[in-house]
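Structural features, examined
Now for the letters of each chain:
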Amino acid sequence: FGARLGLVKRAHIFSGKQTLAAHECSVILNSFFAEDDEQPSEIGEGSVLEHCCIQNSVKVGSGSLISGVQGCVTICNKRMAVPDNLCVQQIRLKGGFPHKCVFVIIGVNDAIKKQCCSIYGVELAR
């Protein structure tokens, strides 16, 4: 599909030696990966990374979307691991970066526009 249109799977990506192991069916746009002596970042099949500046190793499963993730991303001193079919977006709050941001995490198949009446079993006021 993309070859016929002249599309490429990597655009404006910068990474050090041995820092990125991306599946051939993944797409990476406008992103930077710093060198990690311990292990390269891994990007699964069909995943998309855009507008990221990742300072350490990450592991992204298949069919995921990672958008706007900036900085050193660790959880309990371990590299961030995103399971299959998950969308992770980092958004800066008013006041700037690096300390004021939130992560929005949803499943790629979640019905985000579906009207719901409760959250965790608690009825929402109408």
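I will try to describe carefully the structure that is included in this document. (Residues numbered from 1 in each chain as written. Predicted model: local features only at pLDDT ≥ 70, side-chain atom pairs only at ≥ 80, totals over all residues. Heavy atoms only, no water.)

A look at the overall build of the protein chain
A tally of regular secondary structure across the protein chain gives one helix and 15 strands. When the accessible surface of the protein chain is totalled, it reaches about 8,800 Å², and 55% of it is carbon and sulfur. (Helix = DSSP H or I, 4+ residues; strand = E, 2+ residues; numbered from the N terminus. Areas by Shrake-Rupley, 256 points an atom, 1.4 Å probe, with all protein chains shown as cover.)

Quick word on the side chain of Ser47
Mapped onto the elements of the fold, Ser47 is located in the loop between strand E4 (41–43) and strand E5 (48–50). Given a relative accessible area of 0%, Ser47 falls into the buried group. Setting aside residues up to four positions removed in sequence, Ser47 forms contacts with Cys25, Ser26, Val27, Val60, Gly61, Ser62, Gly63 and Ser64. (Buried < 20%, exposed > 50% of the residue type's maximum accessible area, 1.4 Å probe, protein only. Contact = heavy atoms within 4.5 Å.)

Some words on the nonpolar core
By size, the foremost hydrophobic cluster in this structure holds 13 residues, and its most contacted members are Leu49, Ile54, Val60, Ile66, Val69 and Val82. Looking at this core, the elements with two or more residues in it are strand E3 (27–33), strand E7 (58–60) and strand E11 (78–82). Apart from the residues within four sequence positions on either side, Val82 is in contact with Lys59, Val60, Gly61, Ser64, Ile66 and Val88. (Core = buried A, V, L, I, M, F, W, Y, C linked by side-chain atoms within 4.5 Å.)

What about the pairing of strand E12 (residues 86–92)?
Two strands pair when backbone bridges link them, and strand E8 (residues 65–67) and E12 are joined in this way by three bridges, in the parallel orientation. When the bridges of E12 are listed, Ile66 appears paired with Val88. Relative to strand E13 (residues 101–107), E12 runs antiparallel, the two being bridged by seven bridges. From the neighbouring strand, Ile91 faces E13, where its bridge partner is Val102. (Pairing = 2+ DSSP bridges.)

Section: a nonpolar patch on the surface
Taken together, the side chains of Ile91, Leu93, Val102 and Val104 define a hydrophobic patch exposed on the protein surface, amounting to about 270 Å² of accessible area. Exposure remark for Val104: the relative accessible area of 35% places this residue in the partly exposed category. (Patch = residues over 30% accessible without salt bridge, like charges linked within 9 Å, V, L, I, M, F, W, Y side chains within 5 Å. Salt bridge = Lys/Arg side-chain N within 4 Å of Asp/Glu carboxyl O.)

A closer look at unusual backbone geometry
Its identity is not glycine, yet His51 carries a phi of approximately 55 degrees, on the positive side. Take His51: it is sitting in the loop between E5 and strand E6 (53–54). Classification of His51 as partly exposed rests on a relative accessible area of 41%. Here the phi dihedral of Asn85 falls at roughly 55 degrees; this positive angle occurs in a residue that is not glycine. Here Asn85 shows up in the loop between E11 and E12.

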